[in-house]
Amino acid sequence: MNTYRDRMFTGKELEEIRSKFYYADRDAYGRERLFFDNAGGSLRLKKAEEVFHRIDSMPDASEHSNSLALELSEIEERGREDIKKVIFGAEGGTIYPTYTASLIAMEMIRLITENASGTNVVTTLLEHPSVYDAAAYNSRKHGMELRVAGVNKETGGVDADAILDLVDKDTSLLACMAASNISGSIYETEKICREARKINPDIVIYVDAVQHAPHGLLDPEKWGADVVSFAPYKFFGARGFGIAYLSERVSRLPHHRLLGKAEDDWEIGSPATAHFAVITQIVNYVADLGRKALPLEESRRKLFEAGMKRIADHERGLLDMMLEGFPDLPGLRRIPGLTVRMDGKDLTGRDLILGIEFDRLDCRDAVAEYEKRGVIAFERALSSIYSKRMVEAFDSRGMVRLSPLHVNTPEDIRAFLKVTKELARL
Ligand SMILES: Cc1ncc(COP(=O)(O)O)c(C=O)c1O
């Protein structure tokens, strides 16, 4: 009995879910397609985009006192609360909203290393360049040693022990992601934070959750992380916003702010009200999914938690279908002419992102061939600054990254496998 497929959305539920997203089966020109590049920017919720346009079209300034301004200010407050209490499930700490998650990484890693007393920084080979390069640049600048944990080639992740072996009482910063944007492998974040703090209680821990956020729950206070970031454009929302949770001690680090504002206030300039409104729509959507599994009176965070679990359950079913196929259609693991890379067997440790290599097609050619057949994928090529370090870590020539979403159906996976079989024969 295949347990990964037991808790997927029903056909009726999927129909409803798909109706809530733009471009679930056709692109902006009406061409039919399968969008399997959600890790680069996910399908958007119609309500999120609609509310963004409605709010952003108003000239009223939320910090002023006319009636519409006050309404906008309430929308922002609701968004802030949804970010902190619902998406991050946090009681304390501060929210830092800015333009991109890369900006957060660069800014926070600069500040943390500037104010740290340790002599080394620990990170992993799989980090996004905004984290890895900031760790490399700032550790060099402050004369600290940069220690980099290597990958587990089987699982596509980085083992907790490989990270913890590098942490000592002089580690000022540990920067490691919640899940990989190349393999989907989920890090053991809670264990890593807990054990790292046993070695050095003062360590500052940065968790890049940009790729994990649309697939699983974020829980910085339970994890024991100091900074956790995500980007709404990969989480059914809009581009132009990056958000971090900051623990209380990190929120008090000296930072740019208007001096009349509170010491732990990180918002600079006029608030982007429309972006906060988008967040509330994302939370509403996920909480609605959770409502089907929980009593109505549960808290918004509990409903959100249940909704994210339903998303993860459906996506594990899709992942299993991609890998194992169907009785009449082989999955990726069994299609001759291609290899699934970083293919950890325990799917509970994986988000819905995977990498494959064709025997006879370069990854760029494969992505072009996919597009000709109506499938949008992404190449993780050796020539890209976003991919080289990770691709080399897995001894790969370059991979095709596939990142569907919970919006996809078993029929989508069947159609994708048929196209893939064709490509493997080219
Ligand atoms: C894991 C990870 N971290 C950080 C980022 C950077 O996010 P942003 O585009 O908001 O700067 C990305 C973007 O792809 C990512 O995949």
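Remember, it's a predicted structure, so these values are computed and weren't measured experimentally.

A. Structural detail: the overall build of the chain. Scanning the chain for helices and strands turns up 14 helices and 15 strands. By the compact-globule yardstick of 22 Å for 426 residues, the chain fits well, its C-alpha radius of gyration being 22 Å. Projected onto its principal axes, the C-alpha positions of the chain cover 65 × 55 × 40 Å. The buried share among the 426 residues of the chain stands at 51%. Considering only residue pairs separated by 6 or more positions, the chain has 68% of its internal contacts joining residues 24 or more positions apart.

B. A look at the environment of Gly-260. Note that Gly-260 resides in the loop between α9 (248–251) and α10 (273–291). The class for Gly-260 is exposed, based on 6 C-beta atoms found within 10 Å. Taking the C-alpha atoms as reference, Gly-260 lies 23 Å from Asn-115; in sequence the two are 145 residues apart.

C. Structural detail: the sheet that holds strand β14 (residues 378–380). The antiparallel open sheet is built from four strands, whose spatial order is β11-β12-β15-β14. For this open sheet the edge positions go to β11 (338–341) and β14, each flanked by a neighbour on one side alone. Going across the sheet, the axis of each strand differs from the next one's by a mean of 35 degrees, ignoring polarity. With respect to the sheet, helix α12 (residues 363–372) is in contact with β12 (354–358), β14 and β15 (399–402), its orientation differing from that of β14 by roughly 175 degrees.

D. Molecular detail of the nonpolar core. If you look at the biggest cluster of nonpolar residues, it comprises 139 residues, and the most contacted ones within it are Ile-109, Ile-163, Tyr-206, Val-207, Val-227 and Ile-282. Counting residues per element, this core draws most heavily on α10, which supplies 11 residues. Shared between two domains, this core takes at least three residues from each, and those domains are domain 1 (3–44 + 300–424) and domain 2 (51–282). If we ignore the near neighbours within four places in the chain, the residues touching Ile-163 are Val-122, Thr-124, Ala-149, Val-158, Cys-176 and Ile-192.

E. Just the site of the ligand, in detail. If you check the shell around the ligand, you find Thr-100, Ala-101, Ser-102, His-128, Ser-130, Met-177, Asn-181, Asp-208, Val-210, Gln-211, Ala-231 and Gly-242 and nothing else. Within the shell around the ligand, the residues separate by chemical class into four nonpolar, seven polar and one charged.

F. Structural context of the pairing of strand β5 (residues 171–175). Here β5 lies mainly inside the structure; five of its five residues are buried. Direction of pairing for β5 relative to strand β6 (residues 204–208): parallel, over a ladder of three bridges. Looking at the pairing, Leu-174 lines up with Ile-205 of β6. Regarding topology, helix α7 (residues 189–199) serves as the crossover connection from β5 to the parallel β6, and that connection is right-handed.

Each value, and the rule that gives it
- Residues numbered from 1 in each chain as written.
- Predicted model: local features only at pLDDT ≥ 70, side-chain atom pairs only at ≥ 80, totals over all residues.
- Helix = DSSP H or I, 4+ residues; strand = E, 2+ residues; numbered from the N terminus.
- Rg over C-alpha atoms; globule rule 2.2 N^0.38 Å.
- Buried ≥ 20, exposed ≤ 12 C-beta atoms within 10 Å, placed from the backbone.
- Contact = placed C-beta atoms within 7 Å.
- Pairing = 2+ DSSP bridges.
- Axes fitted to C-alpha atoms, helices over the stretch in contact; angles between N-to-C directions.
- Core = buried A, V, L, I, M, F, W, Y, C linked by C-beta atoms within 7 Å.
- Domains from an automatic or database assignment.
- Near = placed C-beta within 6 Å.
- Nonpolar A, V, L, I, M, F, W, Y, C, P; charged D, E, K, R; others polar.
- Right-handed = clockwise from strand over helix to strand, strands pointing away.

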